[in-house]
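# Survey of secondary and tertiary structure
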Amino acid sequence: MTVQKLRCSPRVITLLFYFVFLWSRAAGICPSRCVCNDEILRVICDSANLDVVPITLNPELRELRLSSNHIKALRSSLMVYRNLEFLDLSRNQLSILDKENFVALKQLRVLMVNSNMVSSIQNDTFKSLSKLRILHMNENYLQSLPPKGFHYLENLELLDLCQNSISDIDHEAFFALKSLKTLLLRDNKITNIPTTPFQYVSKLFKLDLGLNSFERIPENSFSALNDLEELSLDGCGIKVMQYGALKWLNSLLTLRIQDNELTEVPTKAFFDVIRLEEIHIGQNKFQSLKAKSFQRLKYLRTIEINGCPNLSEIEKGAFSDNPNLNTITINHNKELKRIQDGAFDNLPNVQHVSLRGNSFETLHYNLLAWDELQFLDVRDNPFICNCSLHWLWKQLSTKNITIVDGQTDTTQVICVGPTSLKDRILGNLHFDDLDCYSYEYRRQLIIGLGSAAGAVVLIMIILGIIFRDKLADLLKSKWRSGGRKEPHYQKTSAEEESTILQAGQQSLKMIPVTEL
C-alpha cells in the first residue's frame, strides 16, 4: 500500500477522526493560554492571542469564553460544541454573522458578540437559537434593524444593541420577541421614537433610549408598553415632552430624563405615571422648581436634580405632592442660592438629603427635620460660618450620621467666610467662633425695637378709640370754619402815605371868608 493511497483512504480518515474524537472526549486539548475545567465543563480563553476558535476542546463544553482575541470568522468551528449554553465572542474582529455559525447551538442561553465589527444581520442569522435568553450585540457597526431580524428568538429576555449606528428600525424589527424584558438601544442615531415596533415587545420591563436624538416626545409614544417599569431618555436633547407623552405607562417606576434641554419641569407629562417612585431630572435648563413641580406623584421616593446650569431657586411647596420622598439629591447646581421656607414641608419620610456643591451661604434650620436624617451631605457650598449655622455645627460636631458606606466623610464642611474663619472646618470650630452672643444680642435688640414700635402703634390706636368723639368734634369745628385762619395783610409804604394824607385833609377843615 502506498503512502498516497493511505492518505486518500476514507476508512483511514474515519478511523483517525474517531480516534481524535474519543481522545478529545475523554480530556480535550487545552490551548496553552486557556484555562480548562472538565469538571464544570468550562473553558476560558480570554486574551489568549487566538486567531480561530479552537476545535480540540472537550465537546461536552457548556461554557466557552473567547473574549479579546483576534478571531475574524467563525465558519463551522462551533459545530463541535453542541451542548454550549454560554458563548462569549466579545472584543474580537468578527464582521459577519452567518446562519451556519450557530446552527448546532440549540442549547445556547447566552451569546455575547459585543465589541466586534458586525455591520448587519439577516432574518435567519439566529435561526437555531430558540432557547437563547440573552444577546449582547452592543458596540458594533449596525446601521439598521431589518424586518423579523430576531423572530426565531421567541424566548429572548435581554437584547443589547447599545453603541451602534442604528438610525432605521423596521416596523417588524422586533417581531416575535414576546418574552423580551429588557431592550437597550442607547447611544445610536435614532431620531424618532420607534412607537410601532414596540407593539411586538409589549412585555418590556426596561427600555433604554438614552443618548439618541429626540427633540420632542409626542403623545402616546409608548402606548404599547403597559408593563414598562424603567425608561431612560437621558442625553437626547429633549426640549418638549407633550402632555400625554408618557400615557399608558401605568407601571412605570423609574424615569431618567436628565441631561436634556427642558426649560421647565414637564409637570403635566407626569400626570400619567402616578406610580413613579424614582426620577432623575438634572442637567436641564429650568431656572426654578415651582410649587407642585411633581404634582400627583404620591409614591415618589427618590429624586435627583444634579448639574442644572440655570437653577437658582426652589420655591415653597416644590415637593408638596410627594409625601413619600425618602431621598433628595440636589447637587452641583452652581446658581442655586436659595431654598424658600416651606420648600420641604410635609415630607415626613425623608431620610437621605444631599445638597452638595451648590451656592448656599447658609441653610435655615426650619427647612427640614435635620435631626431625623440618616444621611446629610452639604459639602462644597460657600458657607458663611456664623450663628445662623449653629444647628449644622451641632450636627457635624456631635452626630456621626454623615458617613457613606464607612468611607466618604461628608462632615468636611469648609467655611468660606467670615475672613477669620476662612478655610476652616465647620465641625471643628468652637461655639464661640460662631459669634452667637453678639448675634443673639443683635437679634434681641431687633426684637425689642420691633416690640416697642408695635406697642407705640397699639397705644395710639387705643387712644384714638377712646377719644374718638372729641377728635370727631374737633374735626367738625375746623371744617365749619374753613379749617384755616384769615391771612394777615401788610400795607406798603405808598399806601401808608396816602392814608396819612387823607387823614390830614379830613382834620384841616376849611373856614369860609364870611365867617371871618
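This structure is a prediction, so every number in the text was calculated from the model and none was measured. (Residues numbered from 1 in each chain as written. Predicted model: local features only at pLDDT ≥ 70, side-chain atom pairs only at ≥ 80, totals over all residues. Heavy atoms only, no water.)

### What to know about the overall build of the chain
Each helix and strand counted, the chain has six helices and 27 strands in total. For the chain, the proportion of its 516 residues judged to be buried stands at 40%. Long-range contacts, defined as pairs at least 24 residues apart, comprise 53% of the intrachain contacts of the chain with a sequence gap of at least 6. Accessible surface for the chain amounts to roughly 29,200 Å². Of this, 52% is attributable to carbon and sulfur atoms. (Helix = DSSP H or I, 4+ residues; strand = E, 2+ residues; numbered from the N terminus. Buried < 20%, exposed > 50% of the residue type's maximum accessible area, 1.4 Å probe, protein only. Contact = heavy atoms within 4.5 Å. Areas by Shrake-Rupley, 256 points an atom, 1.4 Å probe, with all protein chains shown as cover.)

### Let's talk about the state of the cysteines
Covalently bonding the sulfur atom of one cysteine to the sulfur atom of another cysteine gives a disulfide. According to the stated counting rule, one finds four disulfides in the structure shown. Each sulfur in the disulfide pair Cys-385 and Cys-415 lies 2.0 Å from the other. The sign of the S-S torsion, about -100°, decides the handedness of the disulfide formed by Cys-385 and Cys-415: left-handed. Of the two residues, Cys-385 is situated in the loop between strand E24 (383–384) and helix H3 (390–398) and Cys-415 in strand E27 (residues 415–417); the sequence distance between them amounts to 30 residues. Comparing Cys-385 with Cys-415 shows no difference in burial state: the two are buried. One disulfide bridge connects Cys-387 with Cys-436, the sulfur atoms lying 2.1 Å from each other. Disulfide Cys-387 to Cys-436: torsion about the S-S bond roughly 105°, handedness right-handed. You can see Cys-387 sitting in the loop between E24 and H3 and its partner Cys-436 sitting in helix H4 (residues 436–466), a full 49 residues away along the chain. With its disulfide-bonded cysteines labelled consecutively along the sequence, the chain is connected as 1-3, 2-4, 5-7, 6-8. (Disulfide = S-S within 2.5 Å.)

### A short note on the packing of aromatic side chains
Applying the stated rule across the entire model yields 11 aromatic pairs. Relative to Phe-294, the ring of Phe-270 has its centre 6.1 Å away and its plane inclined at 15°; by these criteria the two rings are stacked. Residue Phe-270 is found in the loop between strand E15 (254–256) and strand E16 (278–280), and its partner Phe-294 is found in the loop between strand E17 (288–289) and strand E18 (302–304); the two are separated by 24 residues along the sequence. Using a relative accessible area of 0% as the deciding quantity, one classes Phe-270 as buried. Relative to Trp-391, the ring of Tyr-365 lies with its centre 6.1 Å away and its plane at 55°, an arrangement referred to as tilted. Linking Tyr-365 in the loop between strand E22 (352–354) and strand E23 (375–377) with Trp-391 in helix H3, this pair joins segments that are 26 residues apart in sequence. The exposure class of Tyr-365 is partly exposed, given its relative accessible area of 46%. Of the residues examined, Trp-391 reaches a relative accessible area of 8% and is grouped as buried. Feature note: the residues Phe-270, Phe-294, Phe-319 and Phe-344 constitute an aromatic cluster, connected by ring pairs. The ring centre of Phe-175 lies 4.6 Å from the NZ or CZ of Lys-148, which sits over that ring. (Phe/Tyr/Trp six-rings, centres within 6.5 Å; stacked < 30°, edge-to-face > 60°. Lys NZ or Arg CZ within 6 Å of the ring centre and 35° of its normal.)

### Here's the deal with the layout of surface pockets
Each pocket or cavity is described by its volume, and for the largest pocket that value is around 340 Å³. Along the walls of the largest pocket sit 20 residues, with Thr-263, Glu-264, Val-265, Pro-266 and Thr-267 positioned nearest its centre. If you list the elements that add at least two residues to the lining of the largest pocket, you get strand E14 (240–241) and E17. (1 Å grid on protein atoms, 1.4 Å probe; cavity = no way out; pocket = protein on both sides within 12 Å on 5 of 7 lines; lining within 4 Å. Points joined across faces, edges and corners; volume = space filled by probe spheres on them.)

### A word on the nonpolar core
The biggest cluster of nonpolar side chains holds 123 residues, and the ones touching the most others in it are Leu-64, Phe-222, Phe-270, Phe-294 and Phe-319. The contacts of Phe-319, once residues within four sequence positions are left out, are Leu-289, Phe-294, Ile-303, Ile-314, Leu-325, Ile-330, Ala-343, Phe-344 and Leu-347. (Core = buried A, V, L, I, M, F, W, Y, C linked by side-chain atoms within 4.5 Å.)

### Digging into the environment of Arg-82
The topology assignment puts Arg-82 in the loop between strand E3 (63–65) and strand E4 (86–88). Excluding residues within four positions of it along the chain, Arg-82 makes contact with Pro-59, Ala-104 and Gln-107.

### Thoughts on the pattern of salt bridges
Within the structure shown, the criterion is met by 13 salt bridges. One salt bridge in this structure joins Asp-377 and Arg-379, with 2.8 Å as the shortest N-O distance. Here Asp-433 ties to Arg-424 by a salt bridge, and the two come within 3.8 Å at their closest N and O atoms. We classify Asp-433 as partly exposed; its relative accessible area is 30%. Residue classification places Arg-424 among the partly exposed residues on the basis of a relative accessible area of 36%. Put simply, Arg-186, Asp-208 and Asp-234 are held in one network by salt bridges that share partners. (Salt bridge = Lys/Arg side-chain N within 4 Å of Asp/Glu carboxyl O.)

### Details of the confidence of the model for the chain
Averaged over all residues, the pLDDT of the chain is 87; the fraction at 70 or higher stands at 83%. Counted against residues more than four places away or in other chains, residues 12–26, with its pLDDT under 50, gives 12 contacts. Note that pLDDT drops below 50 for residues 503–516; the model gives that stretch zero contacts with residues more than four away or on any other chain. (pLDDT = per-residue confidence, 0-100.)

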